[in-house]
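# Summary of the model geometry
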Amino acid sequence: KVTVSVLYWFNIMASEIDWNTIGTSVLLSSLLCLRSYRKGSLTNAGCVAAFFVGYASCAMGSIGFMSLITFYLSCTFITKLGKSVKAKIEIGYNPKGHRTAWQVLCNGGVVVAMVCARWTLAGDAPGASSWWSPRADPATDPWAKLLILLVVAHNAACQGDTWSSELGVLSKSPPRLITQPWRHVPAGTNGGVTVVGLAAALAGGLLLGAGCIAGQWMRPVADVTARELMAVCVGASLGGTLVDSVLGALFQFSGVLPDGHIANQPMKGARHICGRAILSNNGVNVVSAIITVAAVAALYGPQ
């Protein structure tokens, strides 16, 4: 009886699955993960986590895929700049990254959670998505447009934070603490901002917006305009960077060691600069992403 029930369920499920979307998402996610693994930027577990994050974005169609690929390629290039400077600032600096599953999920887990929740909750809506059949069509699903914009906003927030952090530390002008703008702090301090870093976040948002518009051009999605995509990308990129900086300044420990390296947790010899040891860098990423996505949802969600 169990075997018959399983086969019956699978037969029903298979008739409703959008195999084209699933196959394309699996292929693209696998290729990105394989490339990252070969370059040493992901651990084994990190590859598995990255696959699900990539699948969630790719399943949103060409806009989701272009936001992911733009973020991935641009941030991969940006992190390679100024290696010698970053090595003098970051403790245990690794130019390859070698990200773990936890780091990947802290940066992209919000996307997976949003997409899974939407697929599950939309099961009763006519023509809507389900957890096994990832489709996002604003023409039949009034929440699909919001989901696409939220995925784009999340990737934009991550892009802005990465561009701002990676390029901001290369600024010749010392950063200012975002919660005390009259105070200069060492480069690499959590919550430290520079004009170069903020300009980088803006540029990152513009680039991601261009990528999303290209995705919309490749396969148009009803009711999603180029103006909305650019506004969300720029706003989430710059806004997410500012939120991340404020959280880092308040809830993430920053201290300077005698050799000039910046410590992100209390340790012997570290002179406190700012922040309380409440959140780690991963924790700040998660909270800032949630706040940014919530703000976009409030602006663009169905009234």
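Let us look at the structure shown here. Residues take numbers from 1 onward in each chain, read along the sequence in its written order. Confidence filtering applies because this is a predicted model: local features only for residues at pLDDT of at least 70, side-chain atom pairs given and counted only at 80 or more, and all residues used for totals across whole chains, interfaces and linings. Only heavy atoms go into the side-chain values, all of them from the structure, while hydrogens and water stay out.

### Description of the sheet that holds strand E2 (residues 180-184)
Note the threshold: When DSSP locates at least two bridges between a pair of strands, those strands are taken to pair. Helix and strand assignments follow DSSP, with helices taken as H or I runs no shorter than four residues and strands as E runs no shorter than two, numbered in order from the N terminus.
The sheet built from three strands is open, its strands ordered E2-E1-E3 with antiparallel pairing. The two strands at the open ends of the sheet, each matched to only one other strand, are E2 and strand E3 (192-193). Here strand E1 (residues 176-177) runs beside E2; their pairing, made up of two bridges, is antiparallel. Within the sheet, the bridge partner assigned to Arg176 lies in E2 and is His184.

### Quick word on the state of the cysteines
To be explicit about the condition: Criterion for a disulfide: a pair of cysteine sulfur atoms at a distance within 2.5 Å. Burial classification: accessible surface area is computed with a 1.4 Å probe over protein chains only, and a residue below 20% of its type maximum counts as buried, one above 50% as exposed, and the rest as partly exposed.
Scanning the entire structure with this criterion turns up zero disulfides. For Cys33, which is in no disulfide, the shortest distance to another cysteine sulfur is to Cys47 and amounts to 5.6 Å. With a relative accessible area of 9%, Cys33 lands in the buried category. The structure places no disulfide on Cys212, whose sulfur is separated from the nearest cysteine sulfur, that of Cys233, by 3.9 Å. Judged by its relative accessible area of 0%, Cys212 falls in the buried class.

### Concerning the sheet that holds strand E6 (residues 271-274)
Ordered in space as E5-E4-E6, the three strands form an open sheet in which the pairing is antiparallel. At either end of the open sheet lies a strand with only one pairing partner, and these are strand E5 (262-263) and E6. As paired strands, strand E4 (residues 254-256) and E6 are joined by three bridges and run antiparallel to one another. What sits directly across from Val256, in E6, is Arg271.

### Quick word on the packing of aromatic side chains
Keep this limit in mind: Only Phe, Tyr and Trp rings take part, Trp by its six-membered ring, and two of them pair if their centres are within 6.5 Å. Stacked means planes under 30 degrees apart, edge-to-face means over 60, and tilted covers everything else.
For the structure shown, the criterion picks out two aromatic pairs. With centroids separated by 5.5 Å and ring planes inclined at 80°, the aromatic side chains of Phe51 and Phe52 adopt a geometry described as edge-to-face. Following the ring pairs from residue to residue traces out a cluster consisting of Phe51, Phe52 and Tyr55.

### Re helix H8 (residues 195-218)
Counting along an α-helix, one turn takes 3.6 residues, and residues three or four places apart therefore face a common direction. Heads up, the condition is: Between the first and last residue of a helix there are one fewer steps than residues, each counted as 1.5 Å, and that sum is the expected span. Two residues qualify as a contact provided that any one of their heavy atoms is within 4.5 Å of a heavy atom in the partner residue.
Given a rise of 1.5 Å per residue, 24 residues ought to cover 34 Å, and the 35 Å separating the end C-alpha atoms of H8 matches this to within 8%. Within H8, burial applies to Gly197, Ala200, Ala201, Gly204, Gly205, Leu208, Gly209, Gly211, Cys212, Gly215 and Gln216. Buried residues belonging to H8 abut helix H4 (62-78), helix H7 (144-168) and helix H9 (226-251).

### Brief notes about the side chain of Asn155
In this structure, Asn155 sits in helix H7. By relative accessible area, Asn155 is classed as buried at 5%. Those residues in contact with Asn155 that sit more than four places away from it in its chain are Ser57, Ser67, Leu68, Phe71, Val111 and Leu208.

### So, a positive patch on the surface
To keep it simple, the criterion reads: In this analysis, a patch consists of residues with relative accessible area above 30% that form no salt bridge, clustered at 9 Å for like charges and at 5 Å for the nonpolar side chains Val, Leu, Ile, Met, Phe, Trp and Tyr. In this description, accessible areas are obtained by the Shrake-Rupley approach with a 1.4 Å probe, and a residue is regarded as covered only by the protein chains that are shown. Each salt bridge in this description consists of a side-chain nitrogen of Lys or Arg and a carboxyl oxygen of Asp or Glu lying within 4 Å of one another. Counted as positive: Lys and Arg. Counted as negative: Asp and Glu, with His and the chain ends omitted from the count. A charged residue contributes its charge at one atom only: NZ of Lys, CZ of Arg, CG of Asp or CD of Glu.
Where like charges cluster on the molecular surface, the positive patch consists of Arg35, Lys39, Lys80 and Lys83. Looking at the element boundaries, Lys39 is found in the loop between helix H2 (19-38) and helix H3 (44-58).

### A few points about H3
For H3, which comprises 15 residues, the first-to-last C-alpha distance of 21 Å matches the rise-based estimate of 21 Å (1.5 Å per residue) to within 8%. Residues Gly46, Cys47, Ala49, Ala50, Val53, Gly54, Tyr55, Ala56, Ser57 and Cys58 constitute the buried set of H3.

### Digging into the nonpolar core
Our working definition: Remark: nonpolar core denotes a set of buried residues (Ala, Val, Leu, Ile, Met, Phe, Trp, Tyr, Cys) joined through side-chain atoms within 4.5 Å.
Ile63, Met114, Val115, Val151, Val152, Cys212 and Leu229 are the most contacted members of the largest nonpolar core, which totals 36 residues. The greatest single-element share of this core, amounting to nine residues, is contributed by H7. Not counting the four nearest positions on each side in its chain, Leu229 is found in contact with Ile63, Leu149, Val152, Cys212, Ile213, Gln216 and Val224. Within the second largest apolar cluster, nine residues are counted, among which are Ala249, Val256, Ile262 and Ile273.

Everything listed is a geometric property; what it means functionally is a separate question.
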